[in-house]
Amino acid sequence: MEQIINMEEQFEARIANEIRIEPKDWMPDAYRKTLIRQISQHAHSEIVGMLPEGNWITRAPSLKRKSILLAKVQDEAGHGLYLYSAAETLGITRDQMYADLHSGKAKYSSIFNYPTLSWADMGTIGWLVDGAAIMNQVPLCRTSYGPYARAMVRVCKEESFHQRQGFEIMMVLCKGSNEQKEMAQDAFNRWWWPTLMMFGPRDAESPNSETSMRWKIKRFSNDELRQRFVDMMVPQAEYLGLTVPDKDLKWNEERGHYDFGEVDWEEFWNVVKGNGPCSKSRLQARIDAWEDGAWVREAAMAYAEKQERRSSKTQVVSSKTESGRIVA
Ligand code: FAQ
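Everything numeric here is computed off the predicted structure, so don't read it as measured data. (Residues numbered from 1 in each chain as written. Predicted model: local features only at pLDDT ≥ 70, side-chain atom pairs only at ≥ 80, totals over all residues. Heavy atoms only, no water.)

Draft legend 1. A look at the overall build of the chain. Looking only at helices and strands, the chain has 13 helices and two strands in total. For the chain, the residues scored as buried account for 46% of the 328 residues in total. Within the chain, residue pairs in contact and separated by at least 24 positions form 76% of the contacts whose partners lie at least 6 positions apart. If you sum the accessible surface of the chain, you get close to 17700 Å²; carbon and sulfur atoms cover 55% of it. Across the chain, the centroid of the 43 positively charged side chains sits 7 Å from that of the 46 negatively charged ones. (Helix = DSSP H or I, 4+ residues; strand = E, 2+ residues; numbered from the N terminus. Buried < 20%, exposed > 50% of the residue type's maximum accessible area, 1.4 Å probe, protein only. Contact = heavy atoms within 4.5 Å. Areas by Shrake-Rupley, 256 points an atom, 1.4 Å probe, with all protein chains shown as cover. Lys, Arg positive; Asp, Glu negative; His and termini not counted. Charge placed at Lys NZ, Arg CZ, Asp CG, Glu CD.)

The structure is reproduced here in structure tokens:
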């Protein structure tokens, strides 16, 4: 008992002194559990997040656009893999994480349950959705759990490229024909509010925030990051000549921030519960990919077993040789 108290004190002291917690360090069960929850959901978001943009790879307007989009979607796959690996260091298996996603037990970001209806959605996702991801993830580079923090450093570098490519698509559309400008505004109108939902519920309705902030898993609250995001994006929208679809948006001189309208929280919780416009098809796509890939996993396992058998045979042969016996 005394030993656990001691370990708990040591853990709290490390957190207080900004010393990272590493996989083999003692940690409270609740810390491990909440990290598995957040990191695995983050990983699932990256993987499910490939689907809305994947939808446009075959329809990108030029070879250049196609190859950029392809690279971006592949990057998201990479992010998912770093994150699954980070979660595995906490003692959960990848198979378990997939099973939780496929059964609907584990969540993924609400944003990926909306459809991508035009090419302008590719610009808007890169600019807004990756923009929100960066706003949320840069502080995670300083999160208290080492493997998660290190994964975030690389992810954030790649997300910056994603955001630039999205903004560049928007710039081209906004400088283009009236039809292209309308397409850009329409995509912006559809994605603005769902992007604000990515930051999670209001602080007062966020059950995980208090402990996650205390343990320095989260460095800023949901509302703080949402406000920073609005403050960053409004001037960018103005630069593009787009109108933010919020009649309550207004600069507040006293606060030094934009005031903005209320997110439709009913819509948010409805999407989180699995009733978003594309929730069923997104999950089904992941289940299908898992089932269709069964033969690849089986072949890989069979090959690994064959290699293992071969190498253990070679070891027997060489140890017999070393012991001086003649081997046929
Ligand atoms: N969607 O108590 P809180 C990306 C859930 S990656 C669905 O505030 P917390 C890259 C939450 O899990 C985007 N569920 O929770 C990309 C919790 O449920 P639980 C993903 C949500 O953890 C770009 C409950 O509501 N990013 O975009 C959402 O303290 C383009 C109560 O909420 C990350 O995952 C939501 N939006 O704060 C890829 C970043 N919000 O688990 C492709 C890491 C909340 O208790 C293309 N995660 N919930 O059953 C985080 O920073 C945090 O987990 C928050 C939520 C801020 C998302």
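Draft legend 2. The arrangement of the packing of aromatic side chains in detail. Within the structure shown, the criterion is met by 17 aromatic pairs. An aromatic cluster of at least three residues, connected via ring pairs, comprises Trp127, Phe167, Phe188, Trp192, Phe199, Phe229 and Tyr239. For the cation-ring pair, Arg228 lies above Phe220, with the distance from its terminal atom to the ring centre recorded as 4.1 Å. One cation-aromatic arrangement involves Arg297 over Trp290; the distance from NZ or CZ to the ring centre is 3.5 Å. (Phe/Tyr/Trp six-rings, centres within 6.5 Å; stacked < 30°, edge-to-face > 60°. Lys NZ or Arg CZ within 6 Å of the ring centre and 35° of its normal.)

Draft legend 3. Local environment of the state of the cysteines. Inspection of the entire model under this criterion finds zero disulfides. Cys156 carries a free sulfur, and the closest cysteine sulfur to it, the one in Cys141, is 3.9 Å from it. (Disulfide = S-S within 2.5 Å.)

Draft legend 4. Just the site of the ligand, in detail. Around the ligand, a shell composed of 36 residues is seen, among which Arg37, Lys107, Ser206, Lys218 and Asn222 lie nearest. Contact between the ligand and Lys107: an oxygen atom at 2.5 Å from a side-chain N or O atom of the residue. Ser206 places a polar side-chain atom, nitrogen or oxygen, 2.7 Å from an oxygen atom of the ligand. Look at the ligand: alone it shows 1100 Å² of surface, and the protein chains cover 91% of it. Sorting the residues of the shell around the ligand by element identifies helix H2 (29-48), helix H4 (63-88), helix H6 (120-137), helix H7 (146-174) and helix H11 (265-275) as the ones contributing at least two each. When its residues are assigned to classes, the shell around the ligand shows 14 nonpolar, 13 polar and nine charged. (Near = heavy atom within 4 Å. Polar contact = N/O pair within 3.5 Å; in protein donor to acceptor, adjacent residues only side chain to side chain. Nonpolar A, V, L, I, M, F, W, Y, C, P; charged D, E, K, R; others polar.)

Draft legend 5. Just the pattern of salt bridges, in detail. A full pass over the atoms with the stated rule returns 18 salt bridges. Linking Lys72 and Asp130 is a salt bridge whose minimum nitrogen-to-oxygen distance equals 2.9 Å. In this pair, Lys72 is assigned in helix H4 and Asp130 in helix H6, connecting sequence segments 58 residues apart. Using a relative accessible area of 3% as the deciding quantity, one classes Asp130 as buried. By sharing partners, the salt bridges in this structure join Glu53, Lys72, Glu76 and Asp130 into a single network. (Salt bridge = Lys/Arg side-chain N within 4 Å of Asp/Glu carboxyl O.)

Draft legend 6. Just the packing of H4 against helix H5 (residues 94-102), in detail. Two elements in contact, H4 and H5, have axes whose closest approach is 9 Å; the angle formed by their N-to-C orientations is 115°. Overall, the two elements H4 and H5 adopt an arrangement that is roughly perpendicular. With respect to the hand of their crossing, H4 and H5 are arranged in right-handed fashion. On H5, the residues touching Leu81, Tyr84, Ser85, Ala87 and Glu88 of H4 are Arg94, Met97 and Tyr98. A breakdown of the residues in the contact of H4 with H5 according to their chemical character gives five nonpolar, one polar and two charged. (Axes fitted to C-alpha atoms, helices over the stretch in contact; angles between N-to-C directions. Parallel < 35°, antiparallel > 145°, perpendicular 65-115°, else oblique. Left-handed = near helix turned anticlockwise from the far one by under 90°.)

Draft legend 7. Representation of the nonpolar core. Grouped together as the largest cluster of nonpolar side chains are 49 residues, with contacts concentrated most on Trp127, Leu128, Phe188, Trp191, Trp192, Phe229 and Leu242. Among the secondary structure elements, those contributing two or more residues to this core are H4, H6, H7, helix H8 (178-197), helix H10 (222-240) and H11. Judged by nonpolar contacts, the second largest core, of 27 residues, contains Ile21, Met97, Leu140 and Val155. (Core = buried A, V, L, I, M, F, W, Y, C linked by side-chain atoms within 4.5 Å.)

Draft legend 8. Molecular detail of the side chain of His162. Tracing the sequence through the fold places His162 in helix H7. When its relative accessible area of 0% is taken as the criterion, His162 is described as buried. Apart from the residues within four sequence positions on either side, His162 is in contact with Lys72, Asp75, Glu76, His79, Gly126 and Asp130.

Draft legend 9. A positive patch on the surface, seen in detail. Taken together, the side chains of Lys306, Arg309, Arg310 and Lys313 define a basic patch exposed on the protein surface. A relative accessible area of 51% means that Arg310 is categorised as exposed. (Patch = residues over 30% accessible without salt bridge, like charges linked within 9 Å, V, L, I, M, F, W, Y side chains within 5 Å.)

Draft legend 10. Representation of the side chain of Glu76. Residue position: Glu76 is located in helix H4. The exposure class of Glu76 is buried, given its relative accessible area of 6%. Within the structure, the side chain of Glu76 is placed 2.9 Å from the side chain of Lys72, a separation counted as a polar contact. Apart from the residues lying within four places of it in its own chain, the contact partners of Glu76 are Glu46, Met50, Asp130, Glu159 and His162.

Draft legend 11. Just the environment of Pro115, in detail. If you trace the backbone, Pro115 turns up in the loop between H5 and H6. Sequence separation of Pro115 and Lys175 is 60 residues, and the distance between their C-alpha atoms is 25 Å. With sequence-adjacent residues up to four places away left out, Pro115 is seen in contact with Asp121, Arg190, Trp191, Pro277, Cys278 and Arg282.

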